[in-house]
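This is what each chain is made of:
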Amino acid sequence: MADAERAATTAAGRAPSFPVPTMPAPPVSVVGLGQLGGSLAAALAAAGRPVSGWDTDPAARDAAAARGVRITRELTGVVVLAVPLPAMATVLDGLVVDPGATVTDLGSVKGPVLASLGGQLGGRFVGGHPMCGTERSGHEAVDPGLFAGARWALCVEPGTELPRWLRVAEVALAVGAEVVPVTAAEHDAAVAAISHVPHLLAAALAAAAAEAGPLALALAAGSFRDGTRVIGSDPAFVTAMVEGNAAPTTAALDRVLAQLQRPRSELVAAGHAVVTRPAGRRPVRIPLERAALLSVGRAGGAVTRRLAAFVEGWVPDAGD
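Residues numbered from 1 in each chain as written. Predicted model: local features only at pLDDT ≥ 70, side-chain atom pairs only at ≥ 80, totals over all residues. Heavy atoms only, no water.

**Student:** What exactly am I supposed to notice about the overall build of the protein here?
**Tutor:** Along the backbone of the protein there are 12 helices and 15 strands. Projecting the C-alpha coordinates of the protein onto the three principal axes gives extents of approximately 60 × 55 × 35 Å. Looking at the 320 residues of the protein, the share that counts as buried comes to 43%. If you average the places of the 26 positive and of the 28 negative side-chain charges in the protein, the two averages end up 6 Å apart. (Helix = DSSP H or I, 4+ residues; strand = E, 2+ residues; numbered from the N terminus. Buried < 20%, exposed > 50% of the residue type's maximum accessible area, 1.4 Å probe, protein only. Lys, Arg positive; Asp, Glu negative; His and termini not counted. Charge placed at Lys NZ, Arg CZ, Asp CG, Glu CD.)

**Student:** So what exactly am I meant to see when it comes to the packing of aromatic side chains here?
**Tutor:** Centre-to-centre distance and the angle between the planes together describe a pair of aromatic rings. Under the counting rule described, the total for this entry stands at 1 aromatic pair. Here the basic side chain of Arg61 rests over the ring of Trp54, its NZ or CZ set 4.5 Å away from the ring centre. (Phe/Tyr/Trp six-rings, centres within 6.5 Å; stacked < 30°, edge-to-face > 60°. Lys NZ or Arg CZ within 6 Å of the ring centre and 35° of its normal.)

**Student:** Looking at this structure, how should I read the sheet that holds strand S3 (residues 51–54)?
**Tutor:** The strands making up a sheet are joined through hydrogen bonds of the backbone, oriented either antiparallel or parallel. Here we have 6 strands laid out as an open sheet, ordered S4-S3-S2-S6-S8-S9, and parallel in their pairing. The open sheet has two free edges, formed respectively by strand S4 (70–71) and strand S9 (125–126), since each of these has just one partner strand. Sheet topology note: the strand S6 (residues 78–81)/strand S8 (residues 102–105) ladder contains 4 bridges and is parallel. Paired with Val79 across the bridge in S8 is Val103. (Pairing = 2+ DSSP bridges.)

**Student:** Honestly, the packing of helix H6 (residues 184–212) against helix H9 (residues 235–244) in this entry has me stumped. Any pointers?
**Tutor:** For any two helices packed against each other, the geometry comes down to the angle between their axes and how far apart the axes lie. Contact geometry for H6 and H9: axes closest at 10 Å, N-to-C directions at 125°. Considered as vectors, H6 and H9 are oriented oblique to each other. Crossing of H6 over H9 shows left-handed handedness. Judged by residue contacts, Ser195, His196, His199 and Leu200 of H6 engage Val238, Met241 and Val242 from H9. Residue composition of the contact of H6 with H9, by class: 4 nonpolar, 3 polar and no charged. (Axes fitted to C-alpha atoms, helices over the stretch in contact; angles between N-to-C directions. Parallel < 35°, antiparallel > 145°, perpendicular 65-115°, else oblique. Left-handed = near helix turned anticlockwise from the far one by under 90°. Contact = heavy atoms within 4.5 Å. Nonpolar A, V, L, I, M, F, W, Y, C, P; charged D, E, K, R; others polar.)

**Student:** I tried to follow the pairing of strand S11 (residues 151–155) on my own but got confused; where do I start?
**Tutor:** Moving residue by residue along a regular strand, the side chains alternate between the two faces of the sheet. Within S11, 4 of the 5 residues are buried, which leaves it mostly tucked inside the rest of the structure. The pairing of strand S10 (residues 128–130) with S11 spans 3 bridges and is antiparallel. Directly across from Pro130, in S11, lies its bridge partner Trp152. Of the pairings in the sheet, the one linking S11 to strand S12 (residues 178–182) comprises 5 bridges and is parallel in character. For Trp152, the partnering residue across the bridge sits in S12 and is Val179. In this view, the connection linking S11 to its parallel neighbour S12 by way of helix H5 (residues 162–174) has right-handed handedness. (Right-handed = clockwise from strand over helix to strand, strands pointing away.)

**Student:** It is not clear to me how the nonpolar core should be interpreted in this structure. Could you clarify?
**Tutor:** Nonpolar side chains tend to gather and get buried jointly when the protein is soluble and globular. Val30, Leu40, Trp152 and Trp165 are the most contacted members of the largest nonpolar core, which totals 41 residues. It is H5 that contributes the most residues to this core, 8 residues altogether. Ignoring anything within four residues of it in the chain, the contact list for Trp152 reads Leu40, Leu106, Gly128, His129, Pro130, Phe147, Ala172, Val175, Ala177, Glu178, Val179 and Val180. One finds Val31, Val91, Leu95 and Leu121 within the second-largest nonpolar core, a separate group that totals 16 residues. (Core = buried A, V, L, I, M, F, W, Y, C linked by side-chain atoms within 4.5 Å.)

**Student:** Can you walk me through the pairing of S3 in this structure?
**Tutor:** Burial along S3 is two-sided: Val51 and Gly53 and Ser52 and Trp54, pointing in opposite directions, are all buried. Relative to S3, strand S2 (residues 28–31) runs parallel, the two being bridged by 4 bridges. Across the sheet, the residue bridging to Val30 is Gly53, located in S3. In the classification by handedness, the crossover that spans S2, the intervening helix H2 (residues 35–46) and the parallel S3 is right-handed.

Laid out in structure tokens, this is it:
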């Protein structure tokens, strides 16, 4: 039996149902109302969740207010920091934060944010990263449906207070995401491979195509467009992301370079085997315990529902 299945009980059709939580959900305060923060605030407001927000940009504040977000510097409940990585350490300066509030973030790198905010906030801080977004940015790119079906990494560190982790998980679930329990180190190693290196590869592909000349760029179609889509992202954002996660990104890039040294037929076959590998989903109930939660994330699964004494989710099931 896999580790995730030892820690989580398979949900059988005859298993007793557990009640959903009855305590009222706390309000959410979002700091930074660009694409991610603005989309989160808009989605919560549309779902009827009490949500407030703040941004230094008056236009972003006005756009959020038009979507039903209360604009204020006073933050309470679950406080979500949706700002660029370089601003994370000082973003709460000048704002009034309820001392009992739970604080989370949406940053694409978790180690440096944990070192900074975790040191200030202790177990009140829960690192997070929704795996969604586009190459667009700013409040003009807000989309209330952005998180539907997305994976949302949520850090469970040794000092994380699980009741606060659950409150942040509820926010992610409320906007349609699936929660993946991880540690900050595990997150940073994983996203280096599947997010940060692809940004570098897209830049390299575009630069190499430009060197091939105007004819090559004029003939570029779907595969080139898909492979280079993310170079439309803000270069400062990408630079902060890859430099903030330098060691895992370097290790992941080295693995890619090693793959490129393989015979081309082997490389193509190996890549297609990964992309086309079938996997079903085995439903599980997971106790509210750090090791059990992390086992689900490490198995490639996710949490999809909060119950009173458990959470429900799934782990991959390749079949017999």
